[in-house]
Amino acid sequence: MNELEKFLVSPFLGEANLKPMGPGGSGIVGLYGGGFKPPTKGHFEVVSKALNDYPDMEKLIIFVGGKPRGGISQSDAVLIWKMYTQYLNGNIEIQTSKQPIRSVYDEVKQNPNKHHYWLLGARDDNEDDLFDIEQRTRSADTRDNLDVKVIKSESGPVKISGTAARKALKNNMEDFLKYIPDIPEKEEVYHIL
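Report follows, based on the coordinates. (Residues numbered from 1 in each chain as written. Predicted model: local features only at pLDDT ≥ 70, side-chain atom pairs only at ≥ 80, totals over all residues. Heavy atoms only, no water.)

## As for the sheet that holds strand E5 (residues 146-153)
- The strand order across the open sheet built from five strands is E3-E2-E1-E4-E5, with neighbouring strands paired in parallel fashion. The open sheet has two edge strands, strand E3 (92-97) and E5, and neither has a second partner. Neighbour-to-neighbour, the strand axes of this sheet turn through a mean angle of 30°, independent of strand direction.
- Bridge analysis of strand E4 (residues 115-123) against E5 gives eight bridges, and the strand direction is parallel. (Pairing = 2+ DSSP bridges. Helix = DSSP H or I, 4+ residues; strand = E, 2+ residues; numbered from the N terminus. Axes fitted to C-alpha atoms, helices over the stretch in contact; angles between N-to-C directions.)

Here you go:
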């Protein structure tokens, strides 16, 4: 059933099946939260794939955690995400958060008439990522307006993680840039941090 058919028959299906049409169309909001210290090429890839795989999202909110890590602040992470968004095709909103997972649940609770996709990244061949997702999403099944969407990325020769990026940042720019998306401002990201 396409979106128009769903909209036309929704009054006969009851309130639970009605997804309000927002200005972007679907009423579906993507949610992606984390520390992002720094936002890596893996984080960028999760957002890029989600926008491509779920074009029904009218907006994607990225919640950036407040806790500094390795000298990287929340404002640094927000600034870098703003650079990245110019290379991502979608309606993306960056929000600061003390606790990104809590912010995801709060957004879902405060907007019961919107449907949400909780976007979570997982690297291939990384059992820790899948365990982490299971721990974070324990309460997701109790929310009728929330679907968990796991975005898998391929493992390459360099394991991409915020921890590894912070270690590389201490070494030199060449090492660090392996963890950043291939955008013209790559070196600017390094100099910000």
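Now that the structure has been shown, we can carry on.
## Some details on the environment of Ile-28
- Within the secondary structure, Ile-28 is located in strand E1 (residues 28-34).
- Assessed through its relative accessible area of 4%, Ile-28 is described here as buried.
- Spatially, the C-alpha atom of Ile-28 lies 7.2 Å from that of Lys-59, the residues being 31 residues apart in sequence.
- Excluding its chain neighbours within four sequence positions, the residues that come into contact with Ile-28 are Asp-56, Met-57, Glu-58, Lys-59, His-115 and Tyr-117. (Buried < 20%, exposed > 50% of the residue type's maximum accessible area, 1.4 Å probe, protein only. Contact = heavy atoms within 4.5 Å.)

## Quick look at the environment of Leu-130
- Tracing the backbone through its elements, the reader meets Leu-130 in helix H5 (residues 127-136).
- Separated by 20 residues in the primary sequence, Leu-130 and Val-150 have C-alpha atoms spaced 9.1 Å apart.
- Beyond its immediate stretch of four places on either side in the chain, Leu-130 contacts Ala-122 and Lys-152.

## Focus on the pattern of salt bridges
- One pass over the structure, following the stated rule, counts six salt bridges.
- One salt bridge connects Glu-45 with Lys-49, and the closest N-O pair in it is separated by 3.6 Å. Remark: Lys-49 and Glu-45 occur in helix H2 (residues 41-53); sequence separation between them is four residues, near one turn of the helix.
- Of the residues examined, Glu-45 reaches a relative accessible area of 27% and is grouped as partly exposed.
- Residue Glu-58 pairs with Lys-114 through a salt bridge whose shortest N-O separation is 2.7 Å. Of this pair, Glu-58 sits in strand E2 (residues 57-65) while Lys-114 sits in the loop between helix H4 (100-110) and E4, and the two are 56 residues apart along the sequence. (Salt bridge = Lys/Arg side-chain N within 4 Å of Asp/Glu carboxyl O.)

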